[in-house]
Structure formats: structure tokens, C-alpha cells
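Analysis of the macromolecular model
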Amino acid sequence: MSKLSLAYIFQQQQLLVDQHFQLPRVEALASDLLLHTGDQVIARDLLPDEPIPPGLQLVPIRQLLQFWNTQQFEQASRAVQLLEWRRNHKFCSHCGTATEAHAVEYAMVCPSCNYRQYPRVQPCVITVITKGKDEILLAKNARNTKSQMYGLIAGFVEVGETLEDAVRRETLEEVGLKLKNIQYLASQPWPFPSNLMIAFKAEYAGGELQLQEEEISDAQFFKFDQLPEIPFKGSIAHAMIMHVTQGTPVADDTKTWL
Ligand SMILES: [Zn+2]
């Protein structure tokens with residue numbers, strides 16, 4: 001009898017879980033993406049016409065953050081990103097030949113020119129900005145018209161930039177402010193679709209609030225004890241805001257599974 005594998009089965013960004021939000025165990029297939037060999041963890045896509053197995057449900061992985069610990073969420077995040085990478089690299093980007101999955105590495109290999117395509121992460125900086133001893137800058141995303149949630153300034157690192165350059169540029173572009181004392185805090189893989197969020201804290205150094213309207217609909221310095229609605233627990237933005245306003249640690253120092 002073959003051993004059943006713990007399975008991350010996705011339909012886009014939704015994952016199949018049971019009523020207790022736990023993963024199912026299934027017979028492994030040759031087409032599965034192997035995540036862990038020791039205790040057999042696999043990932044696969046649920047085909048569009050495939051029915052949802054009885055007792056299971058599709059839940060957006062974003063929602064699983066509240067039921068799962070960091071380790072579970074990070075493995076799901078790895079699974080969804082690797083599946084998406086495999087789906088998007090079926091052909092060689094150099095010569096156009098159909099690629100083959102490498103036997104042991106996460107690489108899609110071209111049998112014609114040998115070009116290898118590896119999974120990539122997009123570095124994205126996110127910054128918590130303080131002014132004086134008790135004020136924090138929070139900004140409302142212009143695309144988020146449904147809620148009153150205020151978050152932090154974030155954006156992708158551009159080619160040729162340092163992380164600190166990206167922090168300074170994004171802040172100047174989005175809210176018109178200059179920064180000082182930029183310091184690294186922590187990072188979080190964020191699979192929407194394949195980002196690595198790199199968290200910094202910085203202090204206000206000068207300038208008047210001037211909003212980039214396509215990105216930011218409002219930004220204000222809030223007193224630490226008068227915060228508006230902020231991003232949900234489990235997101236790095238939440239941890240960063242709690243860190244500067246309440247002194248809680250931003251990174252999970254209890255992490256021991258690597
Ligand atoms: Zn090729």
C-alpha cells in the first residue's frame with residue numbers, strides 16, 4: 001500500500017482544506033510538484049473541471065493566515081508560488097522550445113539550448129515612518145475603496161536600486177516626504193503573486209505631505225494611541241505598526257523549523 005502524501009491542492013489562490021482548515025492526504029501523482037521528500041508533501045493544481053472532493057472546501061490562502069501558524073502559511077505560500085512558476089515557464093524564454101522539469105532542482109530546463117529558468121521572487125520594500133516620539137504615518141491605498149483601512153508605504157524595488165534607495169524613492173513619490181535613519185526590521189514571503197516583503201523603519205526628515213493620487217487617497221500622521229483601522233494580524237504591516245506603537249517584536253524570534 002502506498003503512503004498518502006500531505007497535499008496542497010490549489011485553484012489559483014484558493015486551497016483545498018477540510019472543515020478544520022487542515023490539508024487533505026492523497027495518492028501522489030507523477031505530475032505533482034514535490035515540496036518535501038521526508039514526509040511526502042506535494043502541491044498540484046485542481047483542474048478547472050475537477051469536482052471539489054467531498055468534505056473539502058476551497059479557501060483563499062489569505063484567509064488561512066488567521067487559522068494557521070507562520071510555518072504552515074509559509075509552506076502554502078511556497079507551494080502556490082512554485083506551482084504558478086511551473087505553469088508560467090512551460091516554454092524556454094530564450095528559444096521557445098517546450099521545457100522539462102529538472103529531476104531534483106526547482107528549474108525548468110530547455111532540452112534544446114539548456115537554458116534554465118528558476119523561480120524568482122520580487123523584492124518589495126515596506127516602510128513604517130515615525131515623526132517625533134508618538135506619531136506614525138499611515139496611508140490609504142487609492143485602489144482600496146471598500147474599507148477605511150490605513151496601511152504603510154510599499155513598492156517594488158527597481159533594477160539597479162539598493163533597498164534603501166527604494167524606500168526613499170517610494171516615500172518621496174507616494175507622499176512627498178524625506179526620510180532619515182532607515183533601518184531594516186524583518187521580511188515576509190508574500191505569495192500575491194510572488195513577493196518578498198522587506199520591512200524597514202524610518203524617521204520623518206522633512207517635506208510636506210503631497211499625495212500621488214493614483215496610489216494614495218489619504219495619508220496622515222496619527223498619534224500612537226489614535227490609530228485608524230490597520231491591516232490584519234498576520235501581515236507584516238500589522239506587525240510593523242504594532243512594533244513602533246507598542247514595542248512588540250516585528251519578527252518571529254521563536255521560529256525554529258529551518
Ligand atoms: Zn531554449
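Residues numbered from 1 in each chain as written. Predicted model: local features only at pLDDT ≥ 70, side-chain atom pairs only at ≥ 80, totals over all residues.

Description of helix H4 (residues 236-246)
Threshold: As a rule, residues whose C-beta atom has 12 or fewer other C-beta atoms within 10 Å are exposed, those with 20 or more are buried, and those in between are partly exposed; C-beta atoms are placed from the backbone. Per the convention used, a helix needs a DSSP run of H or I reaching at least four residues, while a strand needs a run of E reaching at least two, with both numbered from the N terminus. What counts as a contact is two residues whose backbone-derived C-beta atoms lie within 7 Å of each other.
Those residues of H4 not exposed but buried are Ile236, Ala237, Ala239, Met240 and Ile241. Considering only its buried residues, H4 is in contact with strand S10 (122-131), strand S11 (135-141), strand S13 (178-190) and strand S14 (195-206). Among the residues trailing H4, Gly247 stands out with phi positive, at a value near 75°.

A closer look at the nonpolar core
Put simply, the rule reads: To count as a nonpolar core, a set of buried Ala, Val, Leu, Ile, Met, Phe, Trp, Tyr and Cys residues must be joined through C-beta atoms within 7 Å.
Counting residues in hydrophobic clusters, the biggest one holds 32 residues, and the most contacted among them are Val125, Ile126, Ala139 and Met240. Elements that contribute at least two residues to this core include exactly S10, S11, strand S12 (153-156), helix H3 (163-175), S13, S14, strand S15 (216-223) and H4. In contact with Ile126, other than residues within four places in its own chain, are Leu152, Ala154, Met197, Ala199, Ile236 and Ala237. Judged by nonpolar contacts, the second largest core, of 18 residues, contains Tyr8, Ile9, Leu23 and Val80.

Concerning the domain arrangement of the chain
Threshold: Just so you know, the domain bounds were taken from an automatic or database domain assignment.
We note that the domain assignment places domain 1 (5-88), domain 2 (95-119) and domain 3 (122-246) within the chain. Distance between the C-alpha centres of domain 2 and domain 3: 38 Å.

Here's the deal with the sheet that holds strand S7 (residues 100-101)
To keep things clear, this is the line we draw: Should DSSP find at least two bridges between two strands, the strands are taken to pair.
In space, the 3 strands of this open sheet follow the order S7-S8-S9, with antiparallel pairing throughout. Single-partner strands in this sheet number two, and they are S7 and strand S9 (116-117).

Description of unusual backbone geometry
With a phi close to 65°, Phe21 is a non-glycine residue in the positive phi region. Inspection of the secondary structure puts Phe21 in the loop between strand S2 (14-17) and strand S3 (25-26). Backbone geometry at Asn181 places phi at a positive 50°, although glycine is not the residue there. By the element assignment, Asn181 lies in strand S13. Of the residues examined, Asn181 has 11 C-beta atoms within 10 Å and is grouped as exposed.

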